[in-house]
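Descriptive analysis of the structure
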Amino acid sequence: MIRATRRRRPRAGIVDVVVIGAGHAGLAMSRYLSGASIDHVVLERGEIANAWRHDRWDSLRLLTPNWQSRLPGYRYTGSDPDGYMTMPEVVGFIRTYARLIDAPVRTGTTVTSVTGSDGGYRVVTDRGQWQCRAVVVASGAHSIPAVPPVAALLPASLRTLTAKDYRNPGQLDDAGVLVVGASATGLQLADEIRRSGRAVTLAVGEHIRMPRVYRGLDIQWWLDALGILDERYDQVDDLVRARRVPSPQLVGTPARATLDLNALTARGVRMVGRLVGINDGKAQFSGSLRNHCAMADLKLGRLLERIDAWAERSGKGSEVAAPERFAPTRVEETPCLSLDLSGGRVGTVIWATGFRPDYGWLHLPVFDRKGRLRHDGGVVDAPGLYALGLNFMRRRKSSFMHGAEDDVRELGAHLADFLRGWGRIPRRAAG
Ligand SMILES: Cc1cc2nc3c(=O)[nH]c(=O)nc-3n(C[C@H](O)[C@H](O)[C@H](O)COP(=O)(O)OP(=O)(O)OC[C@H]3O[C@@H](n4cnc5c(N)ncnc54)[C@H](O)[C@@H]3O)c2cc1C
């Protein structure tokens, strides 16, 4: 466990490294840089752990169990390792970390522009400028809700919310709700809104089905043990696709309940296919629901087979419950292909269609044709520029809290080497 230490704050204006964002990723990098005696500052537009404070819905808990909540030099040590943190608990966890590592965070400081300057970078904020050799972009992978263009065709009478705007069912009128997207977010919102008594329709595309608990252990335990979360970006066949795989259908509840489409159907949520268009005030859904569900069931079966084979090989199989198989996803004989959005039966559409980073302030030629940051495992295509926390950035776990440790160690070492090239730090300081 880390002990708090007091250090000299870097001089305002000139510093070796600017870290943008004081979420867990930026803080983990700050700890590395402090350990390597690298002068740096962490610029944060809001407060520490800002996204967890302001961008998530009220009832959200982590879907990763407490034993998995770990950052470099720090881990959950409470009495409920198998539980799932609430949002205030996550904020407390990250704030404590920032205090223990004595991170040089400037809160309330929004970065408005990063440009190349003097062989390094000029970072302009609403509170002055910084000149630095290197920049670590830790501003989050989930900043902007990714809303599909079809949203523009919705009838004006409808209320629309993104997963970032949604807080609780009290925000909604009594009419029905169409939730678009069936990953962790979409399922959790559909479940909560249905339990509040409203009619809910869920538009389902490609999804990843997982039980919360398998053979008596959290599914995250198995993914961890099998090394699935450690799979590296340079080992997968189709990295672009791997980075777009939706989040698994999981929820963290004290009951450790599984939340899948069958559970929602049993509660009265109506399943439809992917939202593909809106015509004359009517939502049009693709006929692919059955295929998507069959594919998710098939992949779940393969995952469980892989787990069972590993359990037998490793001897773990004799310590845990017997293998299980789950009922196939139930799909209506003829799922509805169209839903009237203008007659008043649906009052709100919620977009649970994913998120993307916001780089509106990054004025450097480091983007591909689709506006994605060009990087090799977080080493961005500009000397001294690094990213953290992106989906499958270096490993499958890169965007999760427990993924920061390995990525920060490797990227921090790369950054320290880069600064050595500038003669900025003594060779023995950065290890
Ligand atoms: C709904 C949801 C549930 C999740 N559940 C889990 C989970 O159960 N377990 C898990 O491990 N992970 C989970 N994640 C993934 C991930 O851990 C979080 O998204 C986490 O917040 C990412 O941390 P980060 O430090 O990379 O980015 P963030 O926490 O987003 O931090 C980035 C920081 O940068 C700041 N910033 C952004 N732009 C600027 C700017 N221009 N100037 C200054 N500051 C700026 C922001 O204010 C923010 O504080 C979840 C994500 C979402 C969206």
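The shown structure was predicted, so the numbers you read here are calculated from the model rather than taken from an experiment.

Taken in spatial order, the five strands line up as S11-S22-S12-S13-S18 in an open sheet, and their pairing is parallel. Strands at the two margins of the open sheet, each flanked by one partner only, are strand S11 (159–162) and strand S18 (270–272). Averaged over all neighbouring strand pairs, the angle between strand axes comes to 20°, with direction disregarded. Note that strand S12 (residues 176–180) and strand S13 (residues 200–203) share four bridges and pair parallel.

Next up on the list: the nonpolar core. Grouped together as the largest cluster of nonpolar side chains are 96 residues, with contacts concentrated most on Leu 27, Val 114, Leu 202 and Leu 385. At eight residues, helix H3 (residues 87–100) tops the list of elements feeding residues into this core. Every residue in contact with Leu 385, bar those within four places of it in the chain, is listed here: Tyr 121, Val 135, Val 137, Leu 362, Leu 364, Val 366, Gly 378, Val 379 and Val 380. Among the nonpolar cores identified, the runner-up in size contains 19 residues, and Leu 63, Leu 229, Leu 300 and Trp 310 belong to it.

Taken together, the neighbourhood of the ligand is formed by 29 residues, with Glu 44, Leu 63, Thr 64, His 142 and Met 401 sitting nearest. The contact in question runs from a nitrogen atom of the ligand to an N or O atom on the backbone of Val 111, over 2.8 Å. Between the ligand and Met 401, the relevant distance is 2.8 Å, taken from an oxygen atom to a main-chain nitrogen or oxygen of the residue. For the shell around the ligand, the secondary-structure elements that each account for two or more residues are helix H1 (24–35) and helix H2 (50–54). Looking at the shell around the ligand element by element, the count peaks at three residues for H2. Here the residues of the shell around the ligand are counted per class, giving 15 nonpolar, eleven polar and three charged.

In this structure the tally under the stated criterion is nine aromatic pairs. When the centroid spacing of 6.4 Å and the interplanar angle of 55° are considered together, the rings of Tyr 214 and Phe 326 count as tilted. You can see Tyr 214 sitting in strand S15 (residues 213–214) and its partner Phe 326 sitting in the loop between helix H8 (289–314) and strand S21 (338–340), a full 112 residues away along the chain. What makes Tyr 214 buried here is its relative accessible area of 0%. Site record: aromatic cluster; members linked through ring pairs are Tyr 214, Trp 221, Trp 222, Trp 310 and Phe 326. Between Arg 56 and the ring centre of Trp 52, over which it is positioned, the NZ or CZ distance is 4.3 Å.

Criteria and cut-off values
- One numbering rule holds for all chains: residues counted from 1, following each sequence as written.
- It should be noted that, the model being predicted, local features are given only for residues of pLDDT at least 70 and side-chain atom pairs only at 80 or more, the latter also being counted only at that level, while totals for whole chains, interfaces and linings use all residues.
- Side-chain metrics rest on all non-hydrogen atoms present in the structure, leaving aside hydrogens and water.
- A pair of strands is considered paired only if DSSP assigns at least 2 bridges between the two.
- Working definition: helices are DSSP H or I runs of at least four residues, strands are E runs of at least two. Numbering for both runs from the N terminus.
- Fitted lines through C-alpha atoms give the axes, limited to the stretch in contact for helices. The angle between two N-to-C directions lies from 0 to 180 degrees.
- Residues grouped as a nonpolar core are buried Ala, Val, Leu, Ile, Met, Phe, Trp, Tyr and Cys residues, joined through side-chain atoms within 4.5 Å.
- Three exposure classes are used, based on accessible area relative to the maximum for each residue type with a 1.4 Å probe and protein chains only: buried under 20%, partly exposed in between, and exposed over 50%.
- By definition in these notes, contact holds between two residues if any of their heavy atoms fall within 4.5 Å.
- Summary of the distance rule: residues count as near a molecule or strand when at least one heavy atom falls within 4 Å of that molecule or strand.
- Throughout this description, a polar contact denotes any pair of N or O atoms lying within 3.5 Å of each other; where both atoms belong to protein, one of them has to be capable of donating a hydrogen while the other can accept it, and for residues adjacent in sequence the pair is counted only when both atoms sit in side chains.
- Residues were grouped as follows: Ala, Val, Leu, Ile, Met, Phe, Trp, Tyr, Cys and Pro as nonpolar; Asp, Glu, Lys and Arg as charged; and all remaining residues, including Gly, as polar.
- Classification of ring pairs rests on two measures: the distance between centres of Phe, Tyr or Trp rings, Trp counted by its six-membered ring, which must be within 6.5 Å, and the angle between planes, read as stacked under 30 degrees, edge-to-face over 60 and tilted in between.
- By definition, being over a ring means that NZ of Lys or CZ of Arg is both within 6 Å of the ring centre and within 35 degrees of the ring normal.

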